[in-house]
Amino acid sequence: MILRSPAKVNLGLWVGKRRPDGYHEIITIIVPLRLSDRIILSTAESGIEVTADSKDVPKGPANLAFQAADRFFSATGIKSGCCIKIKKSIPVGTGLGGGSSNAATVLLGLNRIFNYPLSSRRLHKLALELGSDVPALVCRSPCVARGQGEKLRPIHLPRLNIILHLPGYPVSTSWAYDELDKFRPKPSLTSPKPCPKMVALRLRRKELASLAGRVRNSFEPVIFAHHPDLAKAKQILLGNGCYLAMLSGSGSTVYGLVETKGSQDPMAALIRHGFHCVETYSI
């Protein structure tokens, strides 16, 4: 079975304080993208094997796709194994959810191969055990995520044309959360809670000019302080035709939303400044 494993961007990300269980409260809109890895999934008599065409992908039990398969077989009691081949297009550690999406894709693929032994509710539970982004990526459609990421609500959005700046280096999510907590007392490092319903409504109504002032990512001040090139990329996007630009997740990707091709070309502007970028769109 050959499956697409889509990337995602966060359309706004509010991060609350650390909870007693070690996780943070979040509110975000997770939007899956056409940009995707490919997962080649096949059954085996026993064991789980993961291979990838990128040296940056973790091997063995450290890989989320491996963990997804392991949890699937444990939850279902199926005495079998699988081989997972990952063809990477989503850079690792860039806030695009590549590893989380691979895990979600393996859960969905194995459930299909073995004739759907797990209900949607049980898949959701397994997905949450793997990571905060995995449940939303199991849904395969834009959704509002709250809590740890377990509270999901599908949301209707128009197709979004997206430019991704891929800087060529990762940002550690755990490091980003630690930095955010360290500087939490500074008011500028938190953003007000977003209203996802209002964001979606403005996108559907094409009320685009007001979005930039309403959508925030709590990580931006911390990440931009350490990586000023990402802040520059955001300003280039906003200054050259994008109606919204921001960090995805905890980075390192910065993306811009552009309505149509016009007199300004944000992709060309990024390239002129030496920034690597690609075009994609939401699914």
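Preceding block: the structure.
This write-up is about the structure you can find in this document. Remember, it's a predicted structure, so these values are computed and weren't measured experimentally.

1. Examining the overall build of the protein
Item 1. Helix and strand content of the protein: nine helices and 10 strands.
Item 2. The C-alpha atoms of the protein give a radius of gyration of 19 Å, which matches the 19 Å a tight globule of 283 residues would have.
Item 3. C-alpha extents for the protein along the principal axes are approximately 55 × 40 × 35 Å.
Item 4. Burial status across the protein gives 51% buried among its 283 residues.
Item 5. Contacts spanning at least 24 positions in sequence make up 75% of the contacts within the protein whose residues lie at least 6 apart.
Item 6. Taken as a whole, the protein presents about 13,000 Å² of accessible surface, with 53% of it coming from carbon and sulfur.

2. Some points on the environment of aspartate 265
Item 1. Counting through the fold element by element, aspartate 265 comes out in the loop between strand E9 (254-257) and helix H9 (266-272).
Item 2. Exposure remark for aspartate 265: the relative accessible area of 33% places this residue in the partly exposed category.
Item 3. From its side chain, aspartate 265 meets the backbone nitrogen of methionine 267 in a polar contact 3.2 Å long.
Item 4. A polar atom in the side chain of aspartate 265 sits 3.2 Å from the backbone nitrogen of alanine 268.

3. As for the pairing of strand E5 (residues 143-147)
Item 1. Burial analysis of E5 places four of its five residues in the buried class, the great majority of the element.
Item 2. Relative to strand E6 (residues 151-154), E5 is paired through four bridges, and the arrangement is antiparallel. Looking at E6, one finds that arginine 146 is bridged to lysine 151.
Item 3. Counting the residues that bridge the hairpin from E5 to E6 gives three residues, and of these glycine 149 lies at a positive phi of roughly 120 degrees.

4. Details of the state of the cysteines
Item 1. Taken as a whole and judged by the stated rule, the model has zero disulfides.
Item 2. Here cysteine 277 is not disulfide-linked; the sulfur of cysteine 242 is the nearest cysteine sulfur, at 9.9 Å.

5. Description of the packing of helix H1 (residues 64-76) against helix H3 (residues 120-130)
The relative placement of two packed helices comes down to the angle between their axes together with the axis-to-axis distance.
Item 1. Viewed as axis vectors pointing N to C, H1 and H3 meet at an angle of 140 degrees, and their least axial separation amounts to 10 Å. Looking at the two axes, H1 sits oblique to H3. For the crossing formed where H1 meets H3, the hand is right-handed. Contacts from Leu64, Gln67, Ala68, Arg71, Phe72 and Ala75 in H1 reach Arg122, Leu126, Glu129 and Leu130 in H3.

6. Considerations on H3
Item 1. All buried positions along H3 are accounted for by Leu123, Leu126, Ala127 and Leu130. Down the axis, H3 shows its buried residues gathered within 100 degrees of arc, on one side only. Among the exposed residues of H3, those pointing more than 90 degrees away from its buried face are Arg121 and Lys125.
Item 2. Each element contacted by the buried residues of H3 is listed here: H1, helix H2 (98-113) and helix H4 (134-139).

7. Things to note about H2
Within an α-helix, residues lying three or four positions from one another point in the same direction, as the helix has 3.6 residues per turn.
Item 1. The end-to-end C-alpha separation of H2 is 22 Å, in line with the 22 Å expected for 16 residues at 1.5 Å each.
Item 2. Counting buried residues along H2, 12 of its 16 residues qualify, which places the element largely inside the surrounding structure.
Item 3. Of the positions making up H2, those classed as buried are Gly98, Ser100, Ser101, Asn102, Ala103, Ala104, Thr105, Val106, Leu107, Gly109, Leu110 and Asn111.
Item 4. Where H2 is buried, its residues contact strand E1 (2-18), strand E2 (24-44), H1, strand E4 (81-87), H3 and H4.
Item 5. Downstream of H2 by a residue or two, asparagine 115 has a phi angle that is positive, lying close to 65 degrees.

Here is what the cut-offs are and how they apply
- Residues numbered from 1 in each chain as written.
- Predicted model: local features only at pLDDT ≥ 70, side-chain atom pairs only at ≥ 80, totals over all residues.
- Heavy atoms only, no water.
- Helix = DSSP H or I, 4+ residues; strand = E, 2+ residues; numbered from the N terminus.
- Rg over C-alpha atoms; globule rule 2.2 N^0.38 Å.
- Buried < 20%, exposed > 50% of the residue type's maximum accessible area, 1.4 Å probe, protein only.
- Contact = heavy atoms within 4.5 Å.
- Areas by Shrake-Rupley, 256 points an atom, 1.4 Å probe, with all protein chains shown as cover.
- Polar contact = N/O pair within 3.5 Å; in protein donor to acceptor, adjacent residues only side chain to side chain.
- Pairing = 2+ DSSP bridges.
- Disulfide = S-S within 2.5 Å.
- Axes fitted to C-alpha atoms, helices over the stretch in contact; angles between N-to-C directions.
- Parallel < 35°, antiparallel > 145°, perpendicular 65-115°, else oblique.
- Left-handed = near helix turned anticlockwise from the far one by under 90°.
- Arc of directions from axis to C-beta.
- Expected span 1.5 Å × (residues − 1).

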